[in-house]
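# Examination of the molecular architecture
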Number of protein chains: 2
Amino acid sequence: MKSNFNDKQIQILEVAETLFAEKGFDGTSIRNIAKVAKINIAMVSYYFGSKERLLESLIVYRTSDLKNQLENLLQEDLEPIDKINKLIELYINRINSNRGIYRILHFEFTSKKREQNLQAFSELKKGNLKSLETIIEEGQKKGIFRKDVIIPLITPTILGTFFHFHMNKPFFENLLNLKTEDLYNNYIKTNLTKHIQQTIKALLIYES
Amino acid sequence: MKSNFNDKQIQILEVAETLFAEKGFDGTSIRNIAKVAKINIAMVSYYFGSKERLLESLIVYRTSDLKNQLENLLQEDLEPIDKINKLIELYINRINSNRGIYRILHFEFTSKKREQNLQAFSELKKGNLKSLETIIEEGQKKGIFRKDVIIPLITPTILGTFFHFHMNKPFFENLLNLKTEDLYNNYIKTNLTKHIQQTIKALLIYES
DNA sequence: AACAAAACTAAACAAGTGTTTAATTTAAAC
DNA sequence: GTTTAAATTAAACACTTGTTTAGTTTTGTT
């Protein structure tokens, strides 16, 4: 897939991503970005127009191919519960390896302040929800899934669990003895992912 | 309960709370707070020492009595599952009516930048986890709850679900037709709380 | 080699930042 | 009513902010 950004722009975008994720949009200055990226401070305005537009470009740069991955999953020949498990794995993997941008999306695009830029992000979320609905309705038709679940609230449970875990990284590192970055990542890939899969499975199948 | 802050300080703290929650710590200036609170800009330094210390004071001001509420719940004569449901209701209610501060806690206290102030907050979280453990172990002894759940990951599921929902407020307002603030709050109090209770119950009881 | 467009730079811009100062008003104590 | 402490103020401090300017260097094309 062809990117609309040249090497220099990508360099700036990736530095901005780490810094925004670390210190927030307002907490990061253009001089800060310029220093780390080893460019002149004027280059940000030159390439992106403004700091705000740099953020927009960053979103575009990062959220372009999740949609496709999800639609491919829909076509696979799998039982609904396995599709759900794969979807959860896909979500966690993807978000975990793009922590920066998702953190930014959550931090910067919730406030009214930047609501206008929310459009594209909102469309992405609607598409993802549609995919999830398709899978669950399939399972309901087959009589495997219960029918009284509120589907739009499942995404918050999947992503929210991950985010809340990750937002409290220092706390859980300490609590669960995850001393190295590898141990932490491994815990997410195995235990946390399994916990979420277990939770959603129970929610979809359990009859009281 | 006696507060260590006088009326003027509380006035400043509450204005700061709304502004920090709306626009983040870095996005809010002291002049901004002073204008809304109708005080002189020097008053923040006068009363709290600095902007950073104002944030610390705000945390202290807001997170002082959750601990007690939880410990009272532990003593109640209820079935474990009912205690869990009550705990969830307590969490959601409390966080929902103190949205500002919890949002701030999540936004401002995750980055390494402010890690030193994290101590008190971390203690609060550990205490809360202990309470949850007590309830669940009680249910496990009674043979009601399964034993292969990872207890520390239950809080992320409870709180994460709420937060993710609330972080995407504009999205869900639109999706679920929650046109007024009342409708939105009511949805949280009924549907979202029920969804989380249903999820945790299924997770704790379901056997595959 | 000559030209034009793109890439890049240092410097300056006006505006905003948190904090401190020194002076003044208000309140409390005697 | 005088004195002393607390509360409040406007102004100034030094510094950082995002953006623009005007000029220079690099690159690619003919």
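Residues numbered from 1 in each chain as written. Chains lettered and ligands numbered in written order. Predicted model: local features only at pLDDT ≥ 70, side-chain atom pairs only at ≥ 80, totals over all residues. Heavy atoms only, no water.

Another point: the protein's contact with DNA strand D. Taken together, 17 residues surround DNA strand D, and among them Ile30, Arg31, Ser50 and Lys51 of chain A together with Tyr46 of chain B come closest. Counting only atoms of DNA strand D within 4 Å of the protein, the fraction found in sugar and phosphate groups is 51%. Ile30 of chain A places a main-chain nitrogen or oxygen 2.9 Å from a phosphate oxygen of DNA strand D. In this structure, Tyr47 of chain B approaches DNA strand D through a side-chain N or O atom, which is 3.0 Å from a phosphate oxygen. Mapped by element, the contributors of at least two residues to the surface near DNA strand D are helix H2 (30-37) and helix H3 (42-48) of chain A together with helix H3 (42-48) of chain B. Of the residues forming the surface near DNA strand D, the biggest block, four residues, is contributed by H3 of chain B. When the residues that make up the surface near DNA strand D are grouped by side-chain class, the tally is eight nonpolar, five polar and four charged. (Near = heavy atom within 4 Å. Polar contact = N/O pair within 3.5 Å; in protein donor to acceptor, adjacent residues only side chain to side chain. Helix = DSSP H or I, 4+ residues; strand = E, 2+ residues; numbered from the N terminus. Nonpolar A, V, L, I, M, F, W, Y, C, P; charged D, E, K, R; others polar.)

Turning our attention to the nonpolar core. Residues Phe20, Leu54 and Ile84 of chain A together with Phe20, Leu54, Ile84 and Leu87 of chain B are the most contacted members of the largest nonpolar core, which totals 128 residues. The contacts of Leu54 of chain A, once residues within four sequence positions are left out, are Ile12, Leu13, Ala16, Phe20, Ile33, Val44 and Phe48 of chain A. (Core = buried A, V, L, I, M, F, W, Y, C linked by side-chain atoms within 4.5 Å. Buried < 20%, exposed > 50% of the residue type's maximum accessible area, 1.4 Å probe, protein only. Contact = heavy atoms within 4.5 Å.)

A separate point is the relation of the copies chain B and chain A. Superposition of chain B onto chain A requires a rotation of 180° combined with a translation of 0.0 Å along the rotation axis, giving an RMSD of 0.0 Å. Such a combination of turn and shift is consistent with a two-fold rotation axis. Closest to the rotation axis within chain B is the C-alpha of Gly160 of chain B, separated from it by 1.9 Å. (Least-squares fit on C-alpha atoms with pLDDT ≥ 70 in both.)

In this complex, chain B contributes 49 residues to the contact, which on the side of chain A involves 49 residues. Across the chain B/chain A interface, buried area totals approximately 4,500 Å², and carbon plus sulfur atoms make up 67% of it. For the chain B face of the interface with chain A, the top three residues by lost area are His164, Phe171 and Tyr206 of chain B, together amounting to 14%. Between chain B and chain A we count zero salt bridges in total. (Buried area = accessible area lost by both parts, 1.4 Å probe. Salt bridge = Lys/Arg side-chain N within 4 Å of Asp/Glu carboxyl O.)

With that settled, the discussion passes to the protein's contact with DNA strand C. Among the 17 residues in the neighbourhood of DNA strand C, the closest are listed as Tyr47 of chain A together with Ile30, Arg31, Ser50 and Lys51 of chain B. Within the side chain of Ser29 of chain B, an N or O atom sits 3.3 Å from a phosphate oxygen of DNA strand C. At 2.9 Å, a backbone N or O of Ile30 of chain B approaches a phosphate oxygen of DNA strand C. At the level of elements, H3 of chain A together with helix H2 (30-37) and H3 of chain B are the ones that each hand at least two residues to the surface near DNA strand C. Per-element tally for the surface near DNA strand C: the top contributor is H3 of chain A, with four residues. Classifying every residue of the surface near DNA strand C by side-chain character gives eight nonpolar, five polar and four charged.

This part is about the pattern of salt bridges. Pairs may arise between side chains of opposite charge once their charged atoms sit close together. All names here are of chain B. The tally for this structure, following the rule as stated, stands at 18 salt bridges over all chains. Across the salt bridge formed by Lys86 and Glu76, the nearest N and O atoms sit 3.2 Å from each other. Residue Lys86 is found in helix H6 (residues 80-97), and its partner Glu76 is found in the loop between helix H5 (66-75) and H6; the two are separated by 10 residues along the sequence. Owing to a relative accessible area of 39%, Lys86 belongs among the partly exposed residues under this scheme. Exposure remark for Glu76: the relative accessible area of 33% places this residue in the partly exposed category.

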